[in-house]
Amino acid sequence: MKEAVKNGHGTSENVQGRFEFSINVGMLEIYNDNVYDLLVKPDKRKKKTALEIKRTKEGRIEVAGLIKESVNSVKEVVKLLKKGNESRSTAATDMNEHSSRSHMVLLVDVVSGIQGEEPSTGTLFLVDLAGSERVRKSGVEGDNLKEATQINKSLSALGNVMEALDRKASHIPYRDSKLTYLLQDSLGGNSRTMMVVAVCPTSSSFDESVHALNFATRVRRINIGSAQRNVSSKNLEETVKKLNNELKNLAKAKKKSEEQLHSLKKDHNRIQERLKTSSESRAKSVDEARTLAVLKDSNAQMTARWQKEKQLHDDAVANLQSSQSELKKLRGDLGKATREIERLSRLIAEKESEHDALKSDLRKAKTASSAANLRARKAQVLQSRTSGVGVSTTGDKSTGIVKPTPRSEIDTTKIKNVDPSEAREKVLAMLKAHDPKKVDKIDAIMERFKGREGFLLVKMASRYESNNENTASSSGSRPNSAAKKRSEIAMARHMERMRSKSKLIPSSGSSTRSLRDK
């Protein structure tokens, strides 16, 4: 509460303390087109409640439920500003690390007057508008994208209100946004409005700066009239005095305008006389008439030429704008195509590296397969040689090598009539008994000797029987058994091999004859 001395009747001692005023401050933000109080308690900041904007019975716009605190100094106002800014919504974008995501409004209600009389009230709105942003530059997404959309929408609504005020339109679209609806008493009506536009001097923000300056230029042309005081019913006498003074001023202005009108009439008559004399002189002069006709023709031709040039200029401007729009579109398509080409190039490089790796793996596999096949052939050849070697009865006694039994001695008719399932079981039994490592390869062996199962049985039987005999003979021979003749050993081995063959192949008349022939 402040005190002052009223000018007029009485002394300072009699009137001291009669004048008083109070200041209340409120602070809010408009976030996503909703109004939130910034001076709420810290424990209620997490659960923000949207406030409603209503019009009072006196016709003023107010925010229902907004907290307003009384202040007596500038320090208290600064303290409240700091408190409200802590609750304001901000976020980081590609253009600003601390970007405001809402409009902030500081309301200052001032009530003043003389004690015992109706006080005068006034409201000061200090608005910090969030800057418009382009999503392509700011790189926002998700909730930040929604915030940017609402900010641009509210600023667009503010621009539409300014444009309607500039055109003196009958309808002003205040309700298009909560921002314009809250500030309608400040934008149009009995108020005084001042706007400060901030621009960025960097070249990257050239477009935004130009748009902001154009908007400021358009706002500067708006004239909403001079602010006047709202007069209540108790101040009618003062209002009547002001009206009388205005009537006197209007009477003086009327008298002055009548004098100006009289002087203008004199000047008009003088000009008419001059025009009359000039028209008469023009009528008398034929040359002047011809000159006037030529000038009119030339003027008409110049007008037509000017109109054609203007039309051509308008067409050129339209073509230029369409070309610029097409150029922007083509640049965007070119950028997309370039990014797609880079992506495909990287994909091709990855596929080529994978292809090279697979080729190298294939070469290694082929090399390993060739080596394995070669080792398998060598082993097969060695095994066939080993299984086919016996002790010859007519050969050299020192070597101990016998000729393999010819295939003509084997009864092929019996071999061909062997059942594949029985042959598989016999081969599997021999592999388990003599070579367990090859049990897993039974399918490959049977597939290889498909249709020749009897031959496979004879071959495997001769191989494993000969191995057993060699093992037994080698284990039974000692240094002191050198006296035994090699021919007897060879004959014994041959007879053992023949007995093993006779066990696998049933004896028939043909086989008996072949053995007798031998």
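## Let's talk about helix H2 (residues 74–87)
With 14 residues, H2 should cover 20 Å at 1.5 Å per step; its first-to-last C-alpha distance of 21 Å lies within 8% of that length. Turning to H2, its buried residues number three or more, namely Leu80, Gly84 and Ser87. Along the long axis of H2, the arc covered by the buried residues comes to 50 degrees, so they all point the same way. Exposed side chains of H2 directed beyond 90 degrees from the buried face belong to Val74, Lys75, Lys79, Lys82 and Glu86. Of the surrounding secondary structure, the elements contacted by the buried residues of H2 are strand S1 (19–31) and strand S5 (68–70).

## A closer look at the layout of surface pockets
Roughly 560 Å³ of internal volume is contained in the second largest pocket. Along the walls of the second largest pocket sit 19 residues, with Gln380, Gln383, Lys438, Ile445 and Arg448 positioned nearest its centre. Broken down by secondary-structure element, the contributors of at least two residues to the lining of the second largest pocket are helix H9 (286–388), helix H12 (442–448) and helix H13 (453–476). Looking at the lining of the second largest pocket, the element that brings in the most residues is H9, giving 7 residues. Residue composition of the lining of the second largest pocket, by class: 9 nonpolar, 3 polar and 7 charged.

## As for the nonpolar core
Counting 25 residues, the largest nonpolar core has Leu28, Val35, Ile53, Val63, Leu165, Leu182 and Leu187 as the members making the most contacts within it. Sorting the residues of this core by element identifies S1, strand S4 (61–63), strand S8 (103–114), helix H4 (143–166) and helix H5 (178–182) as the ones contributing at least two each. Excluding residues that lie within four positions of it along the chain, valine 63 makes contacts with Leu28, Val35, Leu51, Glu52, Ile53 and Leu182.

## Re the packing of aromatic side chains
A full pass over the atoms with the stated rule returns 1 aromatic pair. A centroid spacing of 6.4 Å and a plane angle of 55 degrees characterise the contact between tyrosine 31 and tyrosine 36, whose relative ring orientation is tilted. A single burial state applies to tyrosine 31 and to tyrosine 36, both of which are buried.

## Examining unusual backbone geometry
Positive phi is not limited to glycine here, since asparagine 32 has a value of about 55 degrees. Turning to its location among the elements, asparagine 32 is positioned in the loop between S1 and strand S2 (34–37). Non-glycine residue lysine 168 carries a positive phi angle of around 55 degrees. Counting through the fold element by element, lysine 168 comes out in the loop between H4 and H5.

Rules of the game
- Residues numbered from 1 in each chain as written.
- Predicted model: local features only at pLDDT ≥ 70, side-chain atom pairs only at ≥ 80, totals over all residues.
- Heavy atoms only, no water.
- Helix = DSSP H or I, 4+ residues; strand = E, 2+ residues; numbered from the N terminus.
- Expected span 1.5 Å × (residues − 1).
- Buried < 20%, exposed > 50% of the residue type's maximum accessible area, 1.4 Å probe, protein only.
- Arc of directions from axis to C-beta.
- Contact = heavy atoms within 4.5 Å.
- 1 Å grid on protein atoms, 1.4 Å probe; cavity = no way out; pocket = protein on both sides within 12 Å on 5 of 7 lines; lining within 4 Å.
- Points joined across faces, edges and corners; volume = space filled by probe spheres on them.
- Nonpolar A, V, L, I, M, F, W, Y, C, P; charged D, E, K, R; others polar.
- Core = buried A, V, L, I, M, F, W, Y, C linked by side-chain atoms within 4.5 Å.
- Phe/Tyr/Trp six-rings, centres within 6.5 Å; stacked < 30°, edge-to-face > 60°.

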